[in-house]
Amino acid sequence: MFDNFPLWPVPASSGAGNVDALFIFLVLLAGFMSLAIFTMIVMFALKYRYRPGHKAEQIEGSVPLEVTWSAVPLAIFMVIFVWGAILYFRERTPPREADAVYVVAKQWMWKLEHEQGQKEINELHVPVGRDIKLVMTSQDVIHSFYVPAFRIKQDVLPGRYTTVWFHPTRPGVYHLFCAEYCGTAHSGMIGQVVVLEPAQYQAWLAGGMTSGSLAASGQSLFQQLGCPTCHRSDVQGRGPNLVGVFGKPVELEDGRTVTADENYIRESILSPNAKIVSGFKPIMPTFQGLVSEDQLTALVAYIKSLSQPSSGAAGPATPAPRI
Amino acid sequence: MATATIPVEREHYLNTDYGIRSWLLATDHKRIALLYLVTITLFFFLGGFFALLIRLELLTPAGDLVLADTYNKLFTMHGQVMIFFFLIPSIPAVLGNFLVPMMVGARDLAFPRINLLSWYLLVAAGMLMLHCIFTGGVDSGWTFYTPFSTAFSNTKVIEAGLAIFIAGFSSILTGLNFVVTIHRMRAPGLTWSRLPLFIWAHYATSIIQLLGTPVLAITLLLVVFERAFHLGIFDPTRGGDPLLFQHLFWFYSHPAVYIMILPAMGVVAEIIPCFSRKRIFGYSAVAMSSIAIAVFGFLVWAHHMFVAGISLYSAMIFSILSYLVAVPSAIKVFNWTATMYKGSIHFDTPMLYAMGFIGLFTVGGLTGLFLAALGIDVHVTDTYFVIAHFHYIMVGGAVMGYLGGLHFWWPKISGRLYPEWLGKFAALTVFLGFNLTFFPQFILGYLGMPRRYWQYPPEFQVLNVLSTAGSTILAVGYVLPMIYFLWSMRYGKIADANPWGAAGLEWKTSSPPPTENFEEIPEVTWEAYNYDEIPSPEEVPVGR
Amino acid sequence: MDVEQQRNAASLGMWVFLGTEVMFFGGMFCAYLIYRYWYYPEFAAGSRSLDIWLGTTNTAVLICSSLTVALGVRAAQMGKRRLLVLLLLLTLVFGLAFLGIKAVEWHDKFVEHHVPGASFSAEDLIQAYPQIHIDPARTQIYFSLYFAMTGLHALHMIIGVGIFCYLTYYSWKGRYTPQYHTPVEIGGLYWHFVDIIWIYLFPLLYLIDRKPLK
């Protein structure tokens, strides 16, 4: 609409249209209310303007009116709340089978890595029609991953992963902005999301030089750092068997149960004794300072791959510990 | 009463003593109010100057006027100066200080020397802030988000933080003075339900100042400690949590916006009845709404954090609470509008500002509904949509309320009338300039232009140019009153005690009032806004 | 304003001010509670490194000082000038004793390298408690909060000492009578408040986990 003077970005994701629908409803509501108040003020100002001999009528108030104009707005607000909350719930709940892309933000660029190993800087290629989930962290300060065309935005924090997901519906090139002030080149930390037809996307994947998939580089790191010494998959080791762990509930020794998501894996590598799995001792050393954010992303991707049905890793020879 | 064209040099608070010492050591609340007026006006123009530079830079997509680092300092300092050294003090410290004692029938505030202290605190804080600005500045954003402000910024974060910390105490002491005065110093017969709504509004504001500002104080102190001593309370690489900073910061900074708007609502609640010649519609509803806003305002802070990484469920709770806090504001808008119904409307400058306030505050408040809607907020938070929203409320609302109040009470404060036609012209200029500046920013925001951007993609240029054009008009609208208020102090027509025929104890004493406010403390036997008993100015043969 | 109205106003003013102080300390207590919940082992270890006898003594000192303050207000109400001066002096002695002991504790922390910053080290705690894993960064958070909270409290104590010097001087000069002793009352309120803050700080900082380790 309005190609020469657009009022909103091209909707390019499955969620964008729904966000726009609520927005248009709110514009109409706000427009109507503003017009109503404006009209009443102008009307009263003109109709009841001072004229000699004309006295004002002293009106105390009206309880029924107060109740009405409290209850009606409240009801309308509740409708808006529910509508907005539903949109938000969907927007923050990625589908289970989404393709993951790992994002590391730093002053002042976006580093993205696909599971297949493709690395990109300030650019993200995705195929149309797939669910894409971004697993993001920052190397320094808070940034925010914002793609107006998809109507998504998520702050990217140092020290943990945050996620955002989208489902592109329209091939094209769309703005990517950093939306949380992060210093000198905050307004330069921009890029683009390139949505390709599936065939073109495959071509793009094949064409790039990669050093193997992210999970594969994670696997070699896993070996290098000596993790299999304790995290064995053939016999019960000193550490939990990590095959099949990702995404499942884990029982901790203090009785709590947590889900083994990206943040849990990351925390377990950097602060291993924050959450001890039930039945194991707190003997894992910390790798804080020994692995970079990129390496952490690779390790997380590898451990995720151990939960995928046809993963390349060795299948479980022993049942996983009680989790 | 005789025509007041022959100036009889009666003694009043302005001429009772001369010399700089009599001003710098004044304990008279009216003189302190004027000290504040001068101070915050200086800061307003400094903050406005920063805004003009920002708008000039944004005329073109490229960053070609100032360096990126300079731009980052400009928007940071614009925010800090405008919020902490202009908006937060503005109405309470100028109009509140001047009027609260008079409106309750007292001779001064409960603690006059603490009142003077709170002005000195603002001045000390202001000097520290000016030193910070002119020896390098600060670029953390007025929101000081960590770990950027504590571990990455190379600018004077500590100095700015300490300046704001000190300014906070000025705010706290003002609030303390008002609460005690309103509770303990009302004239005989002046029950709570007879108080002007200006007093209710300042009472609610003071509660927020007292309960909220200390939390900002401790938060900024922790940021200063962290930066100075390399602690890690908010730094994830040292065991801390950046989100903890955000929660603590917004716990104050959200109620702070109600500190900025409630007094303006109080001003409007005085102006509309006067220029409609009738009592306010729904007095109790408006009074209780002020208190409700103050209370609910403390429960919604994390609506600034919907995309910050808080849990889905807490986001939902804060969203629904944010809708609840919108209801009392809506009630007020309806009651003010209803007050005009079957009134006898006069279009003097204060009334123009009040009507403009209702319109612009309504738009700003309605756009708050957009932001409280979780699904929409994800798209528009941290964009120009938010900037437009808060400027509609703080500039279209609070500043217009402040200007309207200054015009309304100017005769009382100075004993002179400002030139009415210039006043109307300036009001219209402000209204038009304001809308042209900020309405395009709603569109810019939904289109996706993020905030705090020094450079931007070319497709956003047209709207930015419109906005900058508006800001130059707005600037003219603000400069005009400065000029004619000063002019009026020497050449303006002399005002009598009640040129507007307004209700309220402050109008029962002379213009300007004597130092002790009243010859005799009145005994109040009437309800507020008794416009059925007060003759309209045209009906009384008094020179105007 | 007549004397009664002044006294009323001053009293309300002090209570309101103390309300703001609650919010001021409250922000830090909030940060403390959150980090304690997340980092319990480090907080427990840090807490055990504090000298409980010095802490307990300080608590007793402050409670006694509140007693002398309360008795002082009563002396003022009864017009007993000499008694008032004596009690205010005693309060000052207790207050200074508190600050002295606090200085000793801080010195200990400095010597043990528990002061956050460049020379911070949690090695001694890590060695002392091999059976639990102690993260140095998290331990530093405990000590950062320890110093921030006790430091702010000590600052308020110093201000309190200043106020009581003023009150002692003017009591000795005979300014306070049974009809007018408002400054003594509201000064007393302030002192009690600073005492109560300590009553909260003591268990929160010193008594996190004093039972023997399992």
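Model, not experiment: these values are computed from the prediction. (Residues numbered from 1 in each chain as written. Chains lettered and ligands numbered in written order. Predicted model: local features only at pLDDT ≥ 70, side-chain atom pairs only at ≥ 80, totals over all residues.)

(A) Quick peek at the overall build of chain A. In terms of helices and strands, chain A carries six helices and twelve strands. Here chain A has a C-alpha radius of gyration of 27 Å; the compact-globule value for 323 residues is 20 Å, and the former is much larger. With the principal axes as the frame, chain A shows a C-alpha extent of 100 × 50 × 40 Å. Out of the 323 residues in chain A, the part that is buried amounts to 37%. Here the analysis covers contacts within chain A between residues at least 6 apart in sequence; of these, 69% occur between residues at least 24 apart. (Helix = DSSP H or I, 4+ residues; strand = E, 2+ residues; numbered from the N terminus. Rg over C-alpha atoms; globule rule 2.2 N^0.38 Å. Buried ≥ 20, exposed ≤ 12 C-beta atoms within 10 Å, placed from the backbone. Contact = placed C-beta atoms within 7 Å.)

(B) Main features of the pairing of strand E5 (residues 132-138) of chain A. Residues and elements named next belong to chain A. Counting buried positions over the seven residues of E5 gives six, a clear majority of the element. For strand E1 (residues 99-106) and E5, the ladder comprises seven bridges, and the chain directions are parallel. From the neighbouring strand, Ala105 faces E5, where its bridge partner is Ser138. (Pairing = 2+ DSSP bridges.)

(C) The arrangement of helix H1 (residues 3-38) of chain C in detail. The end-to-end C-alpha distance of H1(C) is 52 Å, a good match for the 52 Å that 36 residues give at a rise of 1.5 Å each. Of all the bends in H1(C), the greatest, near 30°, is centred on C:Gly26. (Expected span 1.5 Å × (residues − 1). Bend = angle between axes of the 7 residues up to and from the residue.)

(D) Highlighting the sheet that holds strand E7 (residues 152-156) of chain A. Residue and element names in this part refer to chain A. Across the sheet, which stays open at both edges, the five strands sit in the order E4-E10-E9-E6-E7 with mixed pairing between neighbours. Since the sheet does not close on itself, it has two edges, and those belong to strand E4 (123-127) and E7, each with one partner. Taking the axes of each pair of neighbouring strands and ignoring which way they run, one obtains an average angle of 20° across the sheet. Bridge count for E4 against strand E10 (residues 191-196) is five bridges, and the pairing is parallel. Within E10, the residue paired with Pro127 across the bridge is Leu196. (Axes fitted to C-alpha atoms, helices over the stretch in contact; angles between N-to-C directions.)

(E) Fine view of the nonpolar core. One finds A:Val103, B:Val268, B:Ala269, B:Ile358 and C:Leu145 to be the most contacted residues of the largest nonpolar core, which totals 334 residues. When residues in this core are grouped by element, the largest group, 23 residues, is from helix H9 (residues 242-276) of chain B. (Core = buried A, V, L, I, M, F, W, Y, C linked by C-beta atoms within 7 Å.)

(F) Summary view of the domain arrangement of chain A. Once the domains are mapped, chain A shows domain 1 (16-48 + 59-91), domain 2 (99-207) and domain 3 (214-305). The C-alpha centroid of domain 3 of chain A is placed 51 Å from the C-alpha centroid of domain 1 of chain A. (Domains from an automatic or database assignment.)

(G) Highlighting the confidence of the model for chain B. Residues and elements named next belong to chain B. Of the residues in chain B, 98% reach a pLDDT of 70 or more, and the chain-wide mean stands at 95. Within chain B, helix H1 (residues 20-24) has the poorest average pLDDT of any element, 94, and helix H5 (residues 112-134) the best, 98. For this predicted complex, the interface confidence comes out at an ipTM of 0.93, alongside a pTM of 0.92. (pLDDT = per-residue confidence, 0-100.)

(H) Geometry of the pairing of E1(A). The element E1(A) is largely enclosed, with a buried count of six among its eight residues. Count of turn residues in the E1(A)/strand E2 (residues 109-114) of chain A antiparallel hairpin: two residues.

(I) Quick peek at the packing of H5(B) against helix H7 (residues 157-184) of chain B. All names here are of chain B. Interhelical geometry of H5 versus H7 gives an angle of 165° and a closest axis separation of 8 Å. Regarding the angle of H5 to H7, the classification is roughly antiparallel. Relative to H7, the crossing made by H5 is left-handed. Taking contact as the criterion, the partners of Ile114, Asn115, Leu117, Ser118, Leu121, Leu122, Ala124, Ala125, Leu128, Met129, His131 and Cys132 in H5 are, on H7, Glu159, Ala160, Leu162, Ala163, Ile166, Ala167, Phe169, Ser170, Leu173, Thr174 and Asn177. (Parallel < 35°, antiparallel > 145°, perpendicular 65-115°, else oblique. Left-handed = near helix turned anticlockwise from the far one by under 90°.)

(J) Representation of unusual backbone geometry. With omega at -5°, the peptide bond leading from A:Gln107 into A:Trp108 counts as cis. Cis geometry marks the peptide bond from B:Ser511 to B:Pro512, where omega comes out at -10°. For B:Pro512, the position within the fold is in the segment after helix H16 (461-491). Backbone geometry places B:Phe144, a non-glycine residue, at a positive phi of 50°.

(K) The sheet that holds E5(A), seen in detail. All names here are of chain A. With respect to topology, five strands assemble into an open sheet ordered E3-E2-E1-E5-E8, the strand pairing being mixed. Looking along the sheet, the strands with just one partner apiece sit at the ends: strand E3 (119-121) and strand E8 (162-166). Ignoring strand direction, the axes of neighbouring strands in this sheet form an average angle of 25°. Sheet strands touched by helix H6 (residues 293-305): E1, E2 and E5. Its angle to E1, the strand with the most contacts, is close to 165°.

(L) Spatial organisation of the interface of chain B and chain A. Taken together, the contact between chain B and chain A spans 72 residues of the former and 71 residues of the latter. Listed by contribution, the elements that provide at least two residues to the side of chain B that touches chain A are helix H3 (68-87), helix H6 (148-152), H9, helix H10 (283-296), helix H11 (312-340), helix H12 (349-372), helix H13 (374-380) and helix H15 (420-447) of chain B. If you tally residues by element for the side of chain B that touches chain A, the top one is H11(B), at 14 residues. For the side of chain B that touches chain A, a count of residues per class yields 45 nonpolar, 19 polar and eight charged. (Nonpolar A, V, L, I, M, F, W, Y, C, P; charged D, E, K, R; others polar.)

(M) Local environment of the environment of A:Leu124. Residue and element names in this part refer to chain A. When you line up the elements, Leu124 lands in strand E4. For Leu124, a count of 23 C-beta atoms within 10 Å puts it in the buried group. For the pair Leu124 and Ala85, spaced 39 residues apart in the sequence, the C-alpha separation amounts to 28 Å. Contact partners of Leu124, with chain neighbours within four places excluded, come to Val101, Leu112, Leu176, Val193 and Val194.

(N) The confidence of the model for chain A, seen in detail. With 93% of its residues at a pLDDT of at least 70, chain A reaches an overall mean of 89. A low-confidence stretch, residues 311-323 of chain A stays under pLDDT 50, and its non-local contacts, those more than four residues away or across chains, total 31 contacts.

(O) Structural view of the packing of helix H5 (residues 262-270) of chain A against H6(A). Residues and elements named next belong to chain A. In the contact formed by H5 and H6, the axes pass within 10 Å of each other and the chain directions differ by 120°. The orientation of H5 with respect to H6, classified from their angle, is oblique. Our pair here, H5 against H6, has a crossing hand that is right-handed. Residue-level contacts link Glu262, Ile265, Arg266 and Ile269 of H5 to Leu296, Leu299, Val300 and Ile303 of H6. Per-class residue counts for the contact of H5 with H6 are six nonpolar, no polar and two charged.

(P) Structural context of the environment of A:Arg160. Residues and elements named next belong to chain A. Within the fold, Arg160 resides in the loop between E7 and E8. Among the residues examined, Arg160 registers 18 C-beta atoms within 10 Å and is labelled partly exposed. Discounting residues that sit within four places of it in the chain, Arg160 has contacts with Thr137 and Asn263.

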